[in-house]
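Listed here are the chains, written in short residue letters.
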Amino acid sequence: MAVNVDVNKCCYCGGCVSICKYDAITLKETVLTIDNNKCIECNLCVEVCPAGALFTAEKEEI
Ligand code: SF4
Ligand code: SF4
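Remember, predicted model here, so these are calculated numbers, not experimental data.

1. Looking at the environment of Leu44
- Residue placement: Leu44 occurs in helix α2 (residues 44-48).
- Exposure remark for Leu44: the relative accessible area of 29% places this residue in the partly exposed category.
- The spatial distance from the C-alpha of Leu44 to the C-alpha of Cys13 is 15 Å, given a sequence separation of 31 residues.
- In contact with Leu44, not counting residues within four places along its chain, are Ile19 and Lys21.

What follows is the structure, given as structure tokens:
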């Protein structure tokens, strides 16, 4: 599993960046990046996102 962002829903409020204790989310202007190596999938960001832009999904097989 991994946390993903729906860029069409994200309003760049920064709420997920603030709540993530693991420094896994970075927001630079309008580019939201989730570092799945740092993310422990606590799902806090998914719960806090006011836009419903974050979701967990299976990692795609490469
Ligand atoms: S699920 Fe938890 S650890 Fe992962 S990005 Fe969201 S808040 Fe950070
Ligand atoms: S909390 Fe949701 S809307 Fe706000 S920056 Fe994060 S993903 Fe975007």
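2. Remarks on the nonpolar core
- By size, the foremost hydrophobic cluster in this structure holds 13 residues, and its most contacted members are Val3, Cys16, Ile25, Leu32, Ile34, Cys45 and Leu54.
- Other than its neighbours up to four places away in sequence, Ile34 contacts Val3, Asn4, Val5, Ala24, Ile25 and Leu54.

3. Considering the site of ligand 2
- If you check the shell around ligand 2, you find Cys10, Cys11, Tyr12, Cys13, Gly14, Cys16, Leu32, Cys49, Pro50, Ala51 and Leu54 and nothing else.
- Considered class by class, the residues forming the shell around ligand 2 number 10 nonpolar, 1 polar and no charged.

4. Considerations on the site of ligand 1
- The environment of ligand 1 is made up of Val3, Cys20, Tyr22, Ala24, Ile25, Cys39, Ile40, Glu41, Cys42, Asn43 and Cys45.
- Here the shell around ligand 1 is composed, by residue class, of 9 nonpolar, 1 polar and 1 charged.

5. A few points about the confidence of the model for the protein chain
- Per-residue pLDDT for the protein chain averages 92, and the proportion of residues at 70 or more is 92%.
- Mean pLDDT values over the elements of the protein chain span from 91, in strand β4 (residues 54-57), up to 98, in helix α1 (residues 15-19).

About the criteria used
Residues numbered from 1 in each chain as written. Chains lettered and ligands numbered in written order. Predicted model: local features only at pLDDT ≥ 70, side-chain atom pairs only at ≥ 80, totals over all residues. Heavy atoms only, no water. Helix = DSSP H or I, 4+ residues; strand = E, 2+ residues; numbered from the N terminus. Buried < 20%, exposed > 50% of the residue type's maximum accessible area, 1.4 Å probe, protein only. Contact = heavy atoms within 4.5 Å. Core = buried A, V, L, I, M, F, W, Y, C linked by side-chain atoms within 4.5 Å. Near = heavy atom within 4 Å. Nonpolar A, V, L, I, M, F, W, Y, C, P; charged D, E, K, R; others polar. pLDDT = per-residue confidence, 0-100.

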